Every structure is written in C-alpha cells, then in structure tokens.
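Residue-level listing of the chains:
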Amino acid sequence: MILLLPILLPVIGGCFVFRQKNEQARDRLVLWLVGLTAALTALVCLLPVRTLQLTTIQGTMHLALANDGLARFFMVLFTGIWAPVSVFSLPYIRHAGREGQFLGFYTMTLGVLMGLCMAKNFVTLYMFFEMMTLLTLPLVLHNGTSAARRAGFRYLGYSVFGAGMALAGFFFLSYYLTTPDFCPGGALDLPRAALHRPLLIFVWFLMTVGFGAKAGMMPMQAWLPAAHPVAPAPASAVLSGVVTKGGVLAIIRVTYYTFSPAYLAGSWAQSALLALALCTVFTGSMLALREKQLKKRLAYSTVSQISYVLLGLLLLSPDGVGAALLQAVFHAVAKDTLFLAAGAIIMSTNFARVDQLRGIGKRMPVTMACFTAASLSLIGIPPMSGFVSKWYLASAALEGAPPWAGPAAVSVLIVSALLTAAYLLPVAAEGFFPGAGFIAERREVGRRMTVPMAVFSAAALVLGLFPGPLLRWTAELAARLF
Amino acid sequence: MHQYLSLPILFPVVMGLGLLVVRPARKLARSRYVMVSVVLTSLFALLGIQMAYRYGGDALVCVLVRFSASFSISLRIDGPSMVYGALAAVLWPVVTVYSLEYMEHEGHEDRFFGFWLISFGVVLGIAFAEDFLSLYFFYELLTLSTLPLVMHSMDEKARYAGRKYVLYSLSGAAFAFIGIVFLLNFGTTLDFTYGGVLDPARIAGNETTLLWVFVCAFFGFGVKAAVFPFHGWLPDASVAPTPVSALLHAAAVVKAGAFAVIRLIYYGFGPDFLRGTFAQTIVMAAAAVTIVYGSARALRTPHLKRRLAFSTVSNLSYILFALTLMSPAGLTGALTHMVYHAVIKITLFCCAGSIIVGSGREYVYELEGLGQRMPAVFGCFTVSALALIGLPPLGGFAGKWMIASAAVESLNPLAYAGIGALILSTLLTTLYLMTIVVRAWFPVGELDTAALARLRDPGPRMTVPLAALTVLGTALALASGPLIRFLWAVAHGSL
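Residues numbered from 1 in each chain as written. Chains lettered and ligands numbered in written order. Predicted model: local features only at pLDDT ≥ 70, side-chain atom pairs only at ≥ 80, totals over all residues. Heavy atoms only, no water.

**Q** Sorry, what's going on with the overall build of chain B here?
**A** When helices and strands are tallied, chain B shows 21 helices and two strands. For a compact globule of 495 residues, the expected C-alpha radius of gyration is about 23 Å, and chain B comes in at 22 Å, within 12% of that figure. Taken together, the 32 basic and 24 acidic charged side chains of chain B have centroids lying 4 Å from each other. (Helix = DSSP H or I, 4+ residues; strand = E, 2+ residues; numbered from the N terminus. Rg over C-alpha atoms; globule rule 2.2 N^0.38 Å. Lys, Arg positive; Asp, Glu negative; His and termini not counted. Charge placed at Lys NZ, Arg CZ, Asp CG, Glu CD.)

**Q** Is there a simple way to think about the overall build of chain A in this case?
**A** Helix and strand counts for chain A come out as 20 helices and two strands. Against the globule reference of 23 Å for 482 residues, chain A gives a C-alpha radius of gyration of 21 Å, in line with a compact fold. Once the C-alpha set of chain A is aligned to its principal axes, its extents read approximately 75 × 55 × 45 Å. Counting the 482 residues in chain A, one finds 65% classified as buried. For chain A, the share of sequence-separated contacts (at least 6 apart) that also reach a separation of at least 24 residues comes to 80%. Carbon and sulfur atoms form 67% of the exposed surface of chain A, whose accessible area is close to 15,800 Å². For chain A, the separation between the mean place of its 34 positive charges and that of its 16 negative charges on side chains is 5 Å. (Buried < 20%, exposed > 50% of the residue type's maximum accessible area, 1.4 Å probe, protein only. Contact = heavy atoms within 4.5 Å. Areas by Shrake-Rupley, 256 points an atom, 1.4 Å probe, with all protein chains shown as cover.)

**Q** Would you explain the nonpolar core in this entry?
**A** One broad rule of soluble globular proteins: the nonpolar side chains tend to lie buried together. The biggest cluster of nonpolar side chains holds 378 residues, and the ones touching the most others in it are A:Phe74, A:Phe259, B:Trp92, B:Phe128, B:Phe214, B:Phe269 and B:Leu323. Leave out the neighbours within four places in its chain, and A:Phe74 touches A:Cys117, A:Lys245, A:Leu249, A:Ile252 and A:Leu325. (Core = buried A, V, L, I, M, F, W, Y, C linked by side-chain atoms within 4.5 Å.)

**Q** Just to check I follow, could you spell out the interface of chain A and chain B for this structure?
**A** Note: interface size is frequently given as the accessible area lost on complex formation between the parts. Tallying the contact residues gives 35 residues for chain A and 36 residues for chain B. Where chain A abuts chain B, roughly 3,000 Å² becomes buried across the two surfaces, and 80% of that area is made up of carbon and sulfur atoms. If you look at where chain A meets chain B, you find one salt bridge. B:Glu368 is the salt-bridge partner of A:Arg149, the closest N and O atoms lying 2.6 Å from each other. Counting only elements with at least two residues in the side of chain A that touches chain B, the list comes to β1 (51-57), β2 (61-66), α4 (99-118), α5 (122-141) and α6 (146-173) of chain A. (Buried area = accessible area lost by both parts, 1.4 Å probe. Salt bridge = Lys/Arg side-chain N within 4 Å of Asp/Glu carboxyl O.)

**Q** Looking at this structure, how should I read the packing of helix α14 (residues 318-349) of chain A against helix α17 (residues 385-399) of chain A?
**A** Angle between the axes and distance between the axes: these two values describe a pair of packed helices. Residues and elements named next belong to chain A. The N-to-C vectors of α14 and α17 enclose an angle of 155°; their axes lie 8 Å apart at closest approach. Classified by the angle between their axes, α14 and α17 sit roughly antiparallel to one another. In this structure, α14 meets α17 at a crossing whose hand is left-handed. Residues Asp319, Gly320, Ala323, Ala324, Leu326, Gln327 and Phe330 of α14 form the contact with α17, whose participating residues are Ser385, Val388, Ser389, Lys390, Tyr392, Leu393, Ala396 and Glu399. (Axes fitted to C-alpha atoms, helices over the stretch in contact; angles between N-to-C directions. Parallel < 35°, antiparallel > 145°, perpendicular 65-115°, else oblique. Left-handed = near helix turned anticlockwise from the far one by under 90°.)

**Q** Can you help me understand the packing of helix α17 (residues 395-409) of chain B against helix α18 (residues 413-441) of chain B in this one?
**A** All names here are of chain B. At a minimum axis separation of 8 Å, α17 and α18 run at an interaxial angle of 155°. In terms of orientation, α17 and α18 fall into the roughly antiparallel class. In terms of crossing hand, the pair formed by α17 and α18 is left-handed. Listed contacts from α18 to Lys400, Ile403, Ala404, Ala407 and Val408 of α17 are Ala415, Tyr416, Ile419, Leu422 and Thr426. Looking at the contact of α17 with α18, its residues break down into eight nonpolar, one polar and one charged. (Nonpolar A, V, L, I, M, F, W, Y, C, P; charged D, E, K, R; others polar.)

**Q** Even after reading the chapter, I still don't get the packing of aromatic side chains, so can you show me in this structure?
**A** The geometry of an aromatic ring pair comes down to the distance between the two centres and the angle between the two planes. Applying the stated criterion across every chain yields a total of 46 aromatic pairs over all chains. Their ring planes at 40° and their centres at 5.2 Å tell us that B:Tyr165 and B:Trp233 sit as a pair that is tilted. A residue pair is termed long-range when its members are at least 10 positions apart, and B:Tyr165 in helix α6 (residues 156-186) and B:Trp233 in helix α9 (residues 233-236) qualify at 68 residues. What makes B:Trp233 buried here is its relative accessible area of 0%. By the ring-pair criterion, three or more aromatic residues cluster together here, those being A:Phe122, A:Tyr126, A:Phe129, A:Phe170, A:Phe171, A:Phe211, B:Phe397 and B:Trp401. Over the face of the ring belonging to B:Tyr139 we find B:Lys224, whose NZ or CZ atom lies 4.8 Å from the ring centre. (Phe/Tyr/Trp six-rings, centres within 6.5 Å; stacked < 30°, edge-to-face > 60°. Lys NZ or Arg CZ within 6 Å of the ring centre and 35° of its normal.)

**Q** Please explain a nonpolar patch on the surface as it appears in this structure.
**A** Residues A:Leu461, A:Val462, A:Leu465 and A:Phe466 make up a contiguous nonpolar surface patch of roughly 370 Å² in combined accessible area. Mapping A:Phe466 onto the fold places it in the loop between α19 (447-465) and α20 (468-479). (Patch = residues over 30% accessible without salt bridge, like charges linked within 9 Å, V, L, I, M, F, W, Y side chains within 5 Å.)

**Q** Can you walk me through the side chain of B:Thr324 in this structure?
**A** Residues and elements named next belong to chain B. Mapped onto the elements of the fold, Thr324 is located in the loop between α13 (304-323) and α14 (328-359). On the basis of relative accessible area, Thr324 is assigned to the buried category, the value being 0%. Beyond its immediate chain neighbours, meaning those up to four positions away, Thr324 contacts Phe218, Gln280, Val283 and Met284.

**Q** Just checking my understanding: could you explain the state of the cysteines for this structure?
**A** Applying the stated criterion to the full structure yields zero disulfides over all chains. Free cysteine B:Cys351: the closest other cysteine sulfur is in B:Cys380, separated by 5.3 Å. (Disulfide = S-S within 2.5 Å.)

**Q** Hey, could you run me through helix α4 (residues 109-128) of chain B in this one?
**A** Think of an α-helix as 3.6 residues a turn; residues three or four steps apart then line up on the same face. Given a rise of 1.5 Å per residue, 20 residues ought to cover 28 Å, and the 28 Å separating the end C-alpha atoms of α4(B) matches this to within 8%. By the criterion of burial, α4(B) is predominantly enclosed, with 20 of the 20 residues buried. (Expected span 1.5 Å × (residues − 1).)

**Q** It is not clear to me how the pattern of salt bridges should be interpreted in this structure. Could you clarify?
**A** In a structure, side chains of opposite charge can pair up when their charged atoms sit close to one another. Applying the stated criterion across every chain yields a total of 22 salt bridges over all chains. Two residues, B:Arg461 and B:Glu101, come together in a salt bridge whose shortest N-O distance is 3.2 Å. Of this pair, B:Arg461 sits in helix α20 (residues 460-478) while B:Glu101 sits in helix α3 (residues 79-102), and the two are 360 residues apart along the sequence. Judged by its relative accessible area of 34%, B:Arg461 is partly exposed. With a shortest N-O distance of 3.2 Å, B:Asp236 and B:Arg306 are connected by a salt bridge. Of this pair, B:Asp236 sits in helix α9 while B:Arg306 is found in helix α13, placing the two residues 70 residues apart along the sequence. The structure contains a network of salt bridges with shared partners spanning A:Glu23, A:Asp27, A:Arg94 and A:Arg448.

**Q** What am I meant to see in the environment of B:Phe113 here?
**A** Along the chain, B:Phe113 falls in helix α4. Overall, B:Phe113 belongs to the buried group, its relative accessible area being 1%.

**Q** Explain the environment of B:Ser74 to me, please; I cannot follow it from the model alone.
**A** Residues and elements named next belong to chain B. Structurally, Ser74 is set in strand β2 (residues 72-75). Overall, the relative accessible area of 2% leaves Ser74 in the buried class. In the structure, Ser74 is positioned 13 residues away from Val61 in sequence and 7.2 Å away in space, judged by C-alpha atoms. Dropping the residues within four chain positions of it, Ser74 is found in contact with Cys62, Val63, Leu64, Phe128, Ala129, Glu130, Asp131 and Ser134. A distance of 3.3 Å separates a polar atom in the side chain of Ser74 from a polar atom in the side chain of Asp131. (Polar contact = N/O pair within 3.5 Å; in protein donor to acceptor, adjacent residues only side chain to side chain.)

Encoded structure:
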C-alpha cells in the first residue's frame, strides 16, 4: 500500500496545484508535495522489497509495483533532481507565465516517474511510460508558440512510436518468458528461447531502439533538439536529466530483467546497438559544437551524453552496467546545472545565443561558476564526478566483448570529451574573461535560483571526490544482474 | 415463451411505425414515447440474453416467418448474439437521451425517431438471427431503415451520402448473398454452427471455388464494415446528424458488418477450412491495409466528424484483422475490440456533436482554446481519446493486446506484418486525436476571446450521457478481467 503513496501524492496533489490561485499558497503546495514525495521515497527505499498488485487487465496481465534495487536507485535519483529544480522553477515560471498549468503538470509527472521506477512488469512499465510522455507534453507546449507546438508533436510522435515498437516486441517476447514480471538476471524460458534466438535477438533490437527514442539514441533522437529549446528551462532540465533516464530505465528493465545479458552477448544486435550508441555520442557532440543557440547546444549535448550511458549498458558486463549507472547520475546532475544556468541567463538578460554571452561571468558570477563546474564534470576532468563515470566506462569497454568495441569506444570517448570541452569551455572562458574595457553590472538572479544550481555543482564535486558509497551501490546493483 | 424473442424485435419496429403514422404534436409526448420504447426494448433484449445464458440458446428459438420446411426467418441467442445484442441494448438508451436533445437543433424528429426505433429492432434482429437467411433479411432491412437517418437533412450532401450508402450496401449484400447460396449448397445447414457448416464430403474438389466465394462474401459483408476499398460510404455518411454517426456508423451498423463476418468465418465456412489458404492471405492483407489507410486518412482530414469516420474505418479493420487470424484467440481479440471501440467511438462522436452544436465549429483548426470554455465535453473527449490510443489500463489497450497476442500465436508472417500495422496505426491515432486535445487545451496564437466567451458546455441532457459513456468505457476497461473471460468462452464456442 505504501508503494502507492509516492505515486498518488504528487498526482492527486498536482491536480490541486492547477486550481490554486494564490501564488504563495501554490508555491508552498508544490514544495510540500515534492518534499513529501522525497520523504516517502526515502521511506520506500528503507523498507524491505515488497510487491503491490494493482488492477488486472484481461485477467492475466497484472499492473504491479515493487521497490526492488533498481527502483530505489532511480527513485532516489529522480527525486534528488526534482526537488532542487522545483525550487528553481518557482521564480522562473512566474517570469514565464501560466504558472498553475506548468507547476501542476510538473508535480504530476513526478508521481508518474515514481510509478515508472517501481513498475514490476512490462505492461506497468509501458503504462507509466506513456503517461510520462503525455504529462510532460504540456511542459514542452508551455510557451504557447507554434514552434513549441511543432516540437511537442514531434516529441509525442517519436515517444509513442518508440514505445509502440517496444510493445510490439513484447507481444512476441511474452511467449518466451517464465514470468511476466521483471527478474534480475532475466526471465527467459531458456530452453524455448534457445530455439528461436534469431527472432528474439531481433525483438531485443526493436525494443531497445524503441525505448532508445526516449533516451535520445539514434535514429530516433530528433525530438530532443526540437523540444529542449522551446520548453521553459526547468522543463528542459527535467527532460534532459530525468525523462531521458526513464528511457534508460526501460532499456535496463528489458535487457537485464527480461532478457538476460548472457543470452544477448555477442549477437549482431549488440554490435549494431553499440555502433548506434557510439555514433550518437560522436554526432551529438559534433552537432553541439556547430549549434549557436545555447539551449539547443545543451540538447545536442544530452543526446551525446545519454548514449554514454547506453554504451555502458550495451557492453552487457557488470562493469559496464555499473559505469552506466554512474554516468546516469553524474550526467543528470551536471546537465541540470547547465540548463538551470541557461535559464537563469535567459531570465536575467534575455540572451539565448552563445555569441551573446561575452562577459556574462561578470554579470552573473554565481551562475557562471556553477556552469563552469558542471562543464568540467561533463567533459570529464578530475576531480569532478564526470571523470569517475567516464573512466569506468572506458575501462569497462576495454574489458568487455565484443573486441572491436574497446578501442572504438575509448577513441570516441576521447574525441567526444575534446568536443565537449570545445563547446562548453569557451562559453565559460568568454564569460569570465571578456577582454579589456568590458563593463557590466552585476545582475545575478535570486537565491531560489542560485541555490539549486550551487547544490548540483557541489554534488558534482563531492561525488567526484568521494565516489565510494555510490560506486559500491552501483556495483552491487550490477552484480545482481549477472 | 418460445415466441419471446420476437418481442425485442417486433416491439420497437411497431412503435417506430406508430410514430411515423401518428405524429404527436407535443414534443414532450414524443420524447416520452421514444424513451419508453427504447428502454423497454433494451430490457426485453437483455432479459432474453439473460435467459439464454441461464437456460441455453435452444430454449428460446423463435420462428418469425416460415417460408418452407428449410427456409425461415428465425431467432436464437448464442454467444456472439449475446455480445452484439447486449452492446446495442446498453448503448441505445444512452445515445437516445443525447439525441432527444440534439435533434431539437435538427428538426423533423418524428421521422427521425420513427426510423431510429425501427433500426433498433432490426439491429437486434441481426444480433439474434439464427441462420444466414435471417441474417441477410435483417441486414438488407438495416440498410433501408437507416437510409432516412443518413439523409435526414435532405440537402444535397445528405442525399449524395444516402445514395452512396445504399449503392455500396446493397451491392455488398448481393455479393454476400452469393456466399450464402454456396453455403446452402455445400453445407449441412444454414443455421449458425460453431466451427462451420461445410460438409467435407460435398466440398471435396471444390475448395478453390469455395475460397473465392468466401473472399467475395467477405468483401460483401465487409462493405458495411468499411474495409478498403469499399469504405468510401462511411466518411461521406458523416454528414448525418451526430446521433446517427455515433450510434449507427460507429457502433451498430458497422459492427453489424463485423458481426456478419464473424458469422461468415466462424459459424459458416469454418476457420479450419480457411486457415492457411490464399483466401486468408487476401482478406488479412485487406484488413491490415485498411488499418493503416484509415488512420493515415484520418490524420489528413481537418473535418472533425470525417476524421472520426476514418478512425472508425481503421478501428473496424482491427476487428476484421483479428477475425482473419482464423482462431479462437483471434475471435476473442475481435470481440474485445468490438466492445471497447463501440463505447469509445460513440463517446467521441457525441463529443464532436456537442462541439458542433455548442460552437458551430466543425473543423479541427477552429478548436483552439475551446477546452477552457467547454471542459465537460473536452474532458470526456480527452479520456476517450486516450482510451482509443491505447493507454493502459483504458479500453483500447486491452483490445489491441488481445489482437496482437492472437497474431503472434498464429505463426503467420502476414499476421506479424499486421502487428506492425497496429503499431503504426497507434502512432497515427495518437497524432490525429492528440492534435484536437492539444489545440483545445493548449491554444497557440491570437484567440478570439469575444467569440470564445460566448461558448459554454451544452446542457445536462447532453453532458450527462457523455459523462455516462466515458464512465462506462472506463469501468468496462477496469473490469476487463471478467469481460474478457466471458468473451473467451464465447469465442471457444461454449455459449
């Protein structure tokens, strides 16, 4: 029963946020809802693993929740990101307008994400996945421009088609499972699955590409660079930081909790998907470099960085999974800082393009300090946390099969790191060192916006200096899958 | 007792004829008359179904007209009869409440409700028919009794739509009749028998001919079920008043086409005879093509009711595709989607009608910002749209799941392609329905606030049926376990 609370509280509470006319009351309501959900998440994580059966569809398909290891990991990550961004979004959205609508959907999305984490079987996962797409759609549409609407429909189309591909795959897959529920290490009926390996490998490929659309993997990544620039900054932050991780979570559930890594290792699909992921890493960084609009540059960066995570997952080794989970956390933290900083810049100066940001460091030192710290993490420079995840990714790639993946991955990682430096560092450099004769007044944003950014940047640093507990957690999660 | 089944069929026909002859002067009297007739008919039908469920279909066999020793118009309730009959009996009163309010805007209610009542009786006749001849009789009668409803406004477009409807339907029925004649010659009986009536001794050597006849008959009955390329009458028929589009052309008439195909395949030619043949390939391909074609056309159509009509074309082919799998699992999937789609599509059409009546706007691009002004209507539309798209746990998902599972089980490569068609259609459905939802609730650009301010939700006599239908759809979806178990039993011939 208690598993239902982190879902229902934000969803039902979110409905009240729409109606609340008093601004102070509404802000407080949002913060209370998000805070309570975080507390409930902590509670759910401390409880032993238990299952909750919801209704049944057509008699044999159950909707069920369980707070297993992976669920806890992602619930903590999602609420950890959601809370500071909520604080940031309150003053930001007041500046943008139509706060009730934004904050309402924002709060409800958190509940659905909790459901996504705790989904115990594919149908439940699919349900929450589609709900997540539908509830985040209004966030993309928020600014009410035709560009926003076009981007929204692109988002909807890619997400629904991707989820549909995964569903189609599951129709076939369900005949080869011992149980419809997710089991660490896989739920395949191995004797029967061995007979039809070609079909099932293709099914895995289909499902991964389908869910990969949400994670911005090629060839279905086009919605990301369209949706992020038109959405308000807090929405872009959670889209990049959290919603894409929803796609990652779904891929983990399919690959490691339905299929088993041993069954999939060495197949053509693994090679093809690895190639797609590496391609995305490279292309995303290249496109980011060419892009002058700051938020779109960060969107391309997300496309690239999430495929680091997928790279780790597709190595099908314990080290790969551990590295992927680390990258998921560190990317979320760093990318959200960058998007919040971009939002702060837009709100304070209305500058959206990179070439307008000369001297921005003088105007907004705190914001740009956070931006710089996050950039360093994203590039992978020690002692920032990004270095830890990329190091582990590289070493996992070198150890794992297939043999060509190791050198290819390491080269792509290095090139991408250089490109990342090229598209992030100049912004910081020009911001802080605009050249002689540049006079700018300080126009920093308020504390409710700088504190969340500072929290994320501090997290990026601290997790880099003291990665031990997180390393142990991810290693433990990964080990259980093999 | 053995004549009981004539009651749910003859009573509404007589009451309908009565209304056509005696035109009551007062609106209230007519409304009461219509409502009482419809409700009583529903009760009679549901009671008959209940009795057939309890005592078996044979207890209630009823001969209406006997032509000769082997030919008669007779009625008997078996599994599929219960499903289709209950669907009609439950949905007719709800839509009648809605249409009593709606038709005040259209006029000529006497003529309308007279044929409305007659059509109800005829639909029940199709549901309860015992054999192919009776089915054919009521099938033709349905075309004739619904024609005045399609042509109701009697303007140029309506008359064109009516002519097209009649032409398509009667031609289709003629082709279907060929199938019935062959069944008569090569089968043991014309009575519906689970598993088919073909006599193996008589068909030996004539299989190819029979398969071609089947394809003929499939497309013949498929006209009413809007299979490509004979779907053309349905979008044009959307000029009819909304209650007609909603109930008849989303639920009763088009489902009659699907129902006839069920009888043709599972109670006539027999799935075992048809499975694995070229005939199955042809009909399955036609259904799969229609699934995608209907959705694609829907996306390109800006007129709201026509868009929903194309959506019906597509969704009916979900049902037909499931039927062409020639297996009990396929039949289960077809029946599941038949039930859920009927409720959902009626709701969507009634919402469209409310929008047209309330605001005069017929095109999707005119709906910017209407959500705030008509929240009840658009709320119901949104829920039903999500159901049709297939968001679990709502109704559309259960239907798609059952159909896709049956397709996987069939081990037929064309069926796998059909699954691809289903997924593509899901994407297209999402796009063509969510456009409306997004435009209504998240408007873009300059809004004509003065015009919008004058808009309001329609009165309770329209919004209450809308809400009831939405709740019904959701409740059915949440109760999918027992419902699908029942449909499974029907599909395996145990009823």
